[in-house]
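Below, each chain spelled out in residue letters.
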Amino acid sequence: SLLANGISMLAARVLVPVFSFAINVGIARAYGAATLGVYIHLLALLLIFQAAASAGMNLLLTRELATRPEESAAHLGSGRSFALLSGSVATLAFLAYSAFLLPEDRLLSAAVLSLTILPSAWIATQEAFFMATRTHHRITVVSLAENALKLALAVAAYLLGAGILGLCAGIAAARFLALGAGFVLMRRAGAP
């Protein structure tokens, strides 16, 4: 079980940079280094605020769910409430940062990316549940679906000439798919 779950988590964590690398290479070849720089700058900022949105809650929630599974409904309720709060604060902070410190031509793309922060906090809750219930492979399934959609939408954005804004919209759509897929998998696993 430890080996299988370890391999599942490794696959889930490796998928993200592999798909991101493919998108980055595509952007560099299709649009050039300047556009790639804008895209990477926006994503780097997003990752900071997504990390702040989860606030390490997934590690604490995993521990609580694993040690007291009979109280999982209460723990998940608390986790979801905390995710709503921390995700909302992180979203507002990202929007404020963007409004005051980003060039005007990046604001709409940043606003679209801000839509991913709150779902990221809720996804951290889902991942905690999957780890606590030793169903790590579900994290891999969600990651694979999210990143495959992200890559497909990046190709579509390129073919449609949608630029950075189209790429950001694809990232947001893929994050919502991940959130929905996680909820479905949690329900199938018997989550309250």
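Being a predicted model, the structure only gives us computed values, none of them experimental. The numbers attached to residues start from 1 for each chain and follow its sequence in the written order. Predicted model: local features are reported for residues with pLDDT of at least 70 only, side-chain atom pairs are reported and counted for 80 or more only, and whole-chain, interface and lining totals are derived from all residues. To get the side-chain values, take all heavy atoms of the structure and skip hydrogens and water.

1. Regarding unusual backbone geometry
Piece 1. A positive phi is found at Ala55, a non-glycine position, where the angle reads about 50°.
Piece 2. Examined against the element boundaries, Ala55 turns out to sit in the loop between helix H2 (33-54) and helix H3 (57-67).
Piece 3. Of note, Arg134 is a non-glycine position whose phi angle comes to about 55°, a positive value.
Piece 4. Along the chain, the position of Arg134 falls in the loop between helix H6 (117-132) and helix H7 (137-160). Runs of E in the DSSP output that reach at least two residues are strands. Runs of H or I that reach at least four are helices, and both are numbered from the N terminus.

2. Comments concerning the layout of surface pockets
Piece 1. In this structure, the largest pocket encloses a volume near 830 Å³.
Piece 2. Each cavity reported here is a set of points on a 1 Å grid over the protein atoms alone in which a 1.4 Å probe fits but cannot get out, each pocket an open set with protein on both sides within 12 Å along at least five of seven lines, and each lining residue one with an atom within 4 Å of a point. In this structure, the largest pocket is lined by 31 residues; those nearest its centre are Val16, Leu47, Gln50, Ser120 and Arg175.
Piece 3. Within the residue set of the lining of the largest pocket, elements represented by two or more residues are helix H1 (2-31), H2, H6, H7 and helix H8 (163-188).
Piece 4. Take the lining of the largest pocket: its biggest share by element is nine residues, from H2.
Piece 5. Looking at side-chain class alone, the lining of the largest pocket contains 15 nonpolar, ten polar and six charged residues. Grid points are joined across faces, edges and corners, and a volume is the space filled by probe spheres set on the points. Only Asp, Glu, Lys and Arg are considered charged in this grouping, and only Ala, Val, Leu, Ile, Met, Phe, Trp, Tyr, Cys and Pro are considered nonpolar; every other residue, Gly among them, is considered polar.

3. Here's the deal with the confidence of the model for the chain
Piece 1. Here pLDDT means the predictor's own confidence in every residue, given as a number from 0 to 100. Within the chain, residue pLDDT values average 95, and 100% of them lie at 70 or more.
Piece 2. Per-element confidence in the chain ranges from a low mean pLDDT of 90 for H1 to a high of 98 for helix H5 (residues 107-114).

4. A closer look at the packing of aromatic side chains
Piece 1. Only Phe, Tyr and Trp rings are paired, with Trp represented by its six-membered ring, and only when their centres lie within 6.5 Å; those with planes under 30 degrees apart are stacked, over 60 edge-to-face, the remainder tilted. Evaluation of the coordinates by the stated rule reveals four aromatic pairs.
Piece 2. Between Phe49 and Tyr97, the ring centres sit 6.2 Å apart and the planes meet at 50°, which makes this aromatic pair tilted. With Phe49 in helix H2 and Tyr97 in helix H4 (residues 72-101), the pair connects residues that are 48 residues apart, well separated along the chain.
Piece 3. Burial here depends on accessible area, computed with a 1.4 Å probe over protein chains only, as a share of the maximum for the residue type. Under 20% is buried, over 50% is exposed, and the range in between is partly exposed. For Tyr97, a relative accessible area of 28% corresponds to the partly exposed category.
Piece 4. Ring geometry for Phe129 and Phe130: centres 5.9 Å apart, planes at 65°, overall edge-to-face.

5. Some points on H1
Piece 1. With 30 residues, H1 extends 43 Å between its outermost C-alpha atoms, agreeing within 8% with the 44 Å of an ideal straight helix rising 1.5 Å per residue.
Piece 2. By the burial criterion, the buried members of H1 are Asn5, Ser8, Met9, Ala12, Leu15, Phe19, Ile23 and Ile27.
Piece 3. The contact definition used throughout considers only heavy atoms, calling two residues in contact when any of these lie within 4.5 Å. Looking at the packing, one finds that the buried side of H1 touches H2, H6, H7 and H8.
Piece 4. In the segment just after H1, Gly32 is the residue with positive phi, at about 100°. Every helix has an expected span of 1.5 Å times one less than the residues it contains.

6. Details of the pattern of salt bridges
Piece 1. The working definition used for a salt bridge is a side-chain nitrogen of Lys or Arg within 4 Å of a carboxyl oxygen of Asp or Glu. Inspection of the entire model under this criterion finds five salt bridges.
Piece 2. For the salt bridge of Arg68 with Glu64, the shortest nitrogen-to-oxygen distance reads 2.3 Å.
Piece 3. The network of salt bridges with common partners includes Arg63, Glu64, Arg68 and Glu71.

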